[in-house]
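Fold and contact review
Residues per chain, in single letters:
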Amino acid sequence: MENDPFLRQYQPSELKIASEFLTNWLPFLSKDLCKDCNHLLSNRIRSLDPASPRMRWADMAQEDEFDEEEEEEEEERDSSRKGFDASSMKTPEKPKLSRDQRENLRLINVKRKKDFICLERVKGKIVNVLDGLELHTGVFSAVEQKRIVDQVYQLQEKGRRGELKKRTFTAPHKWMRGKGRETIQFGCCYNYAPDRAGNPPGILQREEVDPLPHLFKVIIRKLIKWHVLPPTCVPDSCIVNIYDEGDCIPPHIDNHDFLRPFCTISFLSECDILFGSNLKVEGPGDFSGSYSIPLPVGSVLVLNGNGADVAKHCVPAVPTKRISITFRKMDESKRPVWFTPEPDLQGIEPLPLDLNRSGSTSRFSRLNNHNGTNQRGHGRRGGGNGYDSRGYYNPERSSEHNDSGDWPSSQRRGMPRPSRRNYG
């Protein structure tokens, strides 16, 4: 690619930016392509920045369930390339990293941001309403993201054909802007608002939904093994949100039928999430708040502490198609009567990791300082020390209007005006 006349017009730094951008978009760009075209596109994007460790590892899945099919397909392609004279064309093989070595390399390069700050007056005291938020990036490769997105689309089609349990799949009528995202629930049926039967918001213990799909359990194991969620809070339920342009999630605090922490993974496109103790609805899909965080593709936002229980959060109307998957652990006393714990989600242990040595948190903050282009709007916090991350990313919340545990809001003094987000 070095001699390509088109690429010679650009500096290496520009090609690196292009490769990172296109890698994030690879699950969308490669959707519906055949396997050969998919690999051709992936290799073309990779060639833009061949020196990038992120690109080399992006297509190396770490779990057996993610990995085995890719290895088998690669072996078949290698055999077909060698053809009939494979034995006469033997060349020294390059040393290959073992699966464990690849996983360890990717693990130490996960970036973890845990220093979000937004000071607000709550119950007469100044508190950091974002304390407990964590943003993890580099957890899921482009190959893994594509496989997850493909699985979501398959489940969506099964739901539309009536092949899932009645309460598993929901496709409400889009009667106004922001209303109409499709949801798929596994592990439990969550009631967003009081229903006609008089059930309050929360887990409906006698309503049945489908169990967690195998691939989703692979994701959960990875979240624990890679130090994203603690082994004391292994998710046993999840909700998939499938957004079309203009869909949103209004301000809320997640119901306490679910334990803390919980997390959300973003796919297909980036959008923003707003946080604050006094979020306001300005119009359909249009909200204002104190602090905005970009939700990039493939990143994971963990909500805990004040970030889960003091600050509300919302997702304004999204500018393009998006998928999020939120994983949560149910309070044992709230589990459905039919619920049985998954055997393969028991006893998961995190991999050995020296966070100080890997420098993932501190390095992440330094990168944010270097990439200071993410200051968008008036409501961002952090004094410029990398607290706002543009491209170091994630979140979104999954349950809807359940504002359990509301805290009184107050007028903040000496701080910037709240930011307002309005997407088209």
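Residues numbered from 1 in each chain as written. Predicted model: local features only at pLDDT ≥ 70, side-chain atom pairs only at ≥ 80, totals over all residues. Heavy atoms only, no water.

Focus on the overall build of the protein chain
What counts, and what does not: Numbering of helices and strands starts at the N terminus; helices are DSSP runs of H or I of at least 4 residues and strands are runs of E of at least 2. Think of it in three bands: residues with accessible area under 20% of the maximum for their type are buried, residues over 50% are exposed, and the middle band is partly exposed, with areas taken using a 1.4 Å probe on protein chains only. For the accessible areas, the method is Shrake-Rupley and the probe is 1.4 Å, while residue cover comes only from the protein chains on display.
Counting secondary structure elements, the protein chain contains ten helices and 19 strands. Across the 424 residues of the protein chain, 51% fall into the buried class. With the model as given, the accessible surface of the protein chain reaches about 20500 Å², and the carbon-plus-sulfur share is 51%.

Comments concerning the nonpolar core
Convention followed: The set of buried Ala, Val, Leu, Ile, Met, Phe, Trp, Tyr and Cys residues whose side-chain atoms join them within 4.5 Å is what this entry labels a nonpolar core.
If you look at the biggest cluster of nonpolar residues, it comprises 41 residues, and the most contacted ones within it are Phe-216, Leu-223, Ile-323, Ile-325 and Phe-327. Counting only elements with at least two residues in this core, the list comes to helix H6 (142–160), strand E6 (182–186), helix H7 (214–225), strand E9 (237–243), strand E11 (262–267), strand E16 (300–303) and strand E18 (322–328). Top contributing element to this core by residue count: H7, with seven residues. Residues Leu-130, Tyr-243, Phe-262 and Ile-273 belong to the second largest nonpolar core, which totals 23 residues.

So, the packing of helix H1 (residues 12–29) against H6
Note the cut-off: Here the axes come from fitting lines to C-alpha atoms, over the contacting stretch only for helices, and the angles between their N-to-C directions go from 0 to 180 degrees. When describing relative orientation, an angle under 35 degrees is termed roughly parallel and one over 145 degrees roughly antiparallel, while 65 to 115 degrees is termed roughly perpendicular and anything else oblique. Take the far helix as your reference; a near helix turned counterclockwise from it by less than a right angle gives a left-handed crossing, and one turned clockwise gives a right-handed crossing. The criterion used for residue contact is that any of the two residues' heavy atoms lie within 4.5 Å.
One way to put it is that H1 packs onto H6 with a least axis distance of 8 Å and a crossing angle of 25°. In terms of their interaxial angle, H1 and H6 are classed as roughly parallel. Viewed along their axes, H1 and H6 form a crossing whose handedness is right-handed. Of the residues in H6, those in contact with Thr-23, Asn-24, Leu-26 and Pro-27 of H1 are Ala-142, Gln-145 and Lys-146.

Quick look at unusual backbone geometry
Cis geometry marks the peptide bond from Arg-260 to Pro-261; its omega dihedral reads 0°. Structurally, Pro-261 is set in the loop between strand E10 (249–252) and E11. In this model, Lys-123 sits at a positive phi of 50°, which is unusual for a non-glycine residue. Mapped onto the elements, Lys-123 comes out in the loop between strand E2 (119–122) and strand E3 (125–128). Positive phi, close to 60°, is recorded for His-227, a residue that is not glycine. The topology assignment puts His-227 in the loop between H7 and E9.

Examining empty space enclosed by the protein
Here is the rule: Note on definitions: the grid is 1 Å and covers protein atoms alone; a cavity is a set of points where a 1.4 Å probe fits but cannot get out; a pocket is an open set with protein on both sides within 12 Å along at least five of seven lines; lining residues have an atom within 4 Å of a point. Grid points are joined across faces, edges and corners, and a volume is the space filled by probe spheres set on the points.
Here the structure, examined in full by the defined rule, presents two cavities of 30 Å³ or more. Contributing to the lining of the second largest cavity are Gln-185, Phe-186, Cys-188, Tyr-190, Ser-237, Cys-238, Ile-239, Phe-258 and Arg-328. Elements with a minimum of two residues in the lining of the second largest cavity: E6 and E9. Broken down by element, the residue count for the lining of the second largest cavity peaks at three residues, all from E9.

Quick look at the confidence of the model for the protein chain
We count it as follows: pLDDT runs from 0 to 100 and stands for how confident the predictor is about each residue.
Overall, the prediction assigns the protein chain a mean pLDDT of 78, with 70% of residues at 70 or greater. Low pLDDT, under 50, characterises residues 52–64; the predicted model gives this stretch 42 contacts beyond four residues in sequence or across chains. When the criterion is pLDDT under 50, residues 358–424 qualifies, and its contacts beyond four places in sequence or with other chains add up to 228 contacts.

A look at the pairing of strand E12 (residues 271–276)
Test applied: Strands pair, by our definition, only if DSSP identifies at least two bridges between them.
Within E12, six of the six residues are buried, which leaves it mostly tucked inside the rest of the structure. Of the two faces of E12, the one holding Cys-271, Ile-273 and Phe-275 and the one holding Asp-272, Leu-274 and Gly-276 are both buried throughout. One ladder, built from five bridges, connects E12 with strand E15 (residues 291–295); its direction is antiparallel. Each bridged residue has a counterpart across the sheet, and for Phe-275 the counterpart in E15 is Tyr-291.

Considering the side chain of Gln-145
Its place among the elements puts Gln-145 in helix H6. Residue classification places Gln-145 among the buried residues on the basis of a relative accessible area of 3%. When sequence neighbours within four positions are dropped, the list of residues in contact with Gln-145 reads Asn-24, Pro-27, Phe-140, Phe-267, Val-297 and Gly-298.

Things to note about the pairing of E11
Counting buried positions along E11 gives six out of six residues, so the element sits mostly inside the fold. Side chains Phe-262, Thr-264 and Ser-266 project from E11 onto one buried face, and the interleaved Cys-263, Ile-265 and Phe-267 project onto a second face that is buried too.

Some remarks on H6
The criterion, for reference: Every helix has an expected span of 1.5 Å times one less than the residues it contains.
Here H6 contains 19 residues, and its C-alpha end-to-end distance of 27 Å stays within 8% of the 27 Å for a straight helix at 1.5 Å per residue. Of all 19 residues in H6, 14 are buried; the element is thus mostly enclosed. Looking at the residues trailing H6, positive phi occurs at Gly-162, about 80°.

Structural notes on the pattern of salt bridges
Basically, it comes down to this: The salt bridge criterion pairs a side-chain nitrogen of Lys or Arg with a carboxyl oxygen of Asp or Glu, the two atoms within 4 Å.
This model, assessed by the stated rule, comprises 17 salt bridges. A salt bridge links Asp-115 to Lys-113; its shortest N-O distance comes to 2.5 Å. Since its relative accessible area comes to 22%, Asp-115 is described here as partly exposed. On the accessibility criterion, Lys-113 (1% relative accessible area) is buried. Residue Glu-342 is joined to Lys-217 by a salt bridge in which the shortest nitrogen-to-oxygen separation is 3.1 Å. Note that Glu-342 is positioned in the loop between E18 and helix H9 (355–358) and Lys-217 in helix H7, a separation of 125 residues in sequence. With a relative accessible area of 18%, Glu-342 lands in the buried category.

As for the packing of aromatic side chains
We count it as follows: Classification of ring pairs rests on two measures: the distance between centres of Phe, Tyr or Trp rings, Trp counted by its six-membered ring, which must be within 6.5 Å, and the angle between planes, read as stacked under 30 degrees, edge-to-face over 60 and tilted in between. Look at NZ for Lys and CZ for Arg. If either is within 6 Å of the ring centre and within 35 degrees of the ring normal, a charge sits over the ring.
Across all of its chains, the model carries seven aromatic pairs by this definition. Plain terms: the ring middles of Phe-6 and Tyr-10 are 5.5 Å apart, the flat faces sit at 55° to each other, and that makes the pair tilted. Owing to a relative accessible area of 36%, Tyr-10 belongs among the partly exposed residues under this scheme. Aromatic ring contacts, followed pair by pair, group Phe-186, Phe-216 and Phe-327 into a single cluster. A cation over an aromatic ring shows up here: Lys-113 above the ring of Phe-116, its NZ or CZ 4.8 Å from the ring centre. The ring centre of Phe-258 lies 3.8 Å from the NZ or CZ of Arg-328, which sits over that ring.

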